[in-house]
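Coordinate analysis (summary)
Take a look at the letters that make up each chain.
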Amino acid sequence: MDTQLAGTGAATRSRIRDVDSLRGFALLGILIVNITFFTSGYAANLVDDPNHSTDLDQVVHWVSSVLVDMKFY
């Protein structure tokens, strides 16, 4: 009888949606941070990608570094 009660207690416990939302936001942030490593083989070797040398590329990289990178690690 004790084994039946122990199994039903965990199943009926409700999840906290705010915590789940926060976890989802954190995972999305980590994905955004890792996109730079997924798009180029140069970033994994800590070398500047020669294909991303325009001014717009530099601005996007700076904005990503300031607003995203160190916030989600």
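Turning our attention to the confidence of the model for the protein. Confidence in the prediction of the protein, expressed as mean pLDDT, is 78, and 81% of residues score 70 or more. Looking at the elements of the protein, mean pLDDT is at its lowest for helix 1 (residues 2-12), recorded as 53, and at its highest for helix 2 (residues 17-39), recorded as 87.

The computed volume of the largest pocket comes to approximately 640 Å³. Taken together, 20 residues make up the lining of the largest pocket; nearest its centre are Thr36, Ala43, Asp49, His52 and His61. Secondary structure elements with two or more residues in the lining of the largest pocket: helix 2, helix 3 (41-44) and helix 4 (55-72). At 6 residues, the largest contribution of residues to the lining of the largest pocket is made by helix 4. Tallied by class, the residues present in the lining of the largest pocket amount to 8 nonpolar, 8 polar and 4 charged.

Below, the discussion takes up the side chain of aspartate 49. Looking at the secondary structure, you find aspartate 49 in the loop between helix 3 and helix 4. Taking the relative accessible area as the measure of exposure, aspartate 49 reaches 14% and is therefore buried. Only 3.1 Å separates the side chain of aspartate 49 from the backbone nitrogen of asparagine 51, close enough to count as a polar contact. Residues within four places of aspartate 49 in sequence aside, it is in contact with Ser40 and Tyr42.

What counts and how
- Residues numbered from 1 in each chain as written.
- Predicted model: local features only at pLDDT ≥ 70, side-chain atom pairs only at ≥ 80, totals over all residues.
- Heavy atoms only, no water.
- pLDDT = per-residue confidence, 0-100.
- Helix = DSSP H or I, 4+ residues; strand = E, 2+ residues; numbered from the N terminus.
- 1 Å grid on protein atoms, 1.4 Å probe; cavity = no way out; pocket = protein on both sides within 12 Å on 5 of 7 lines; lining within 4 Å.
- Points joined across faces, edges and corners; volume = space filled by probe spheres on them.
- Nonpolar A, V, L, I, M, F, W, Y, C, P; charged D, E, K, R; others polar.
- Buried < 20%, exposed > 50% of the residue type's maximum accessible area, 1.4 Å probe, protein only.
- Polar contact = N/O pair within 3.5 Å; in protein donor to acceptor, adjacent residues only side chain to side chain.
- Contact = heavy atoms within 4.5 Å.

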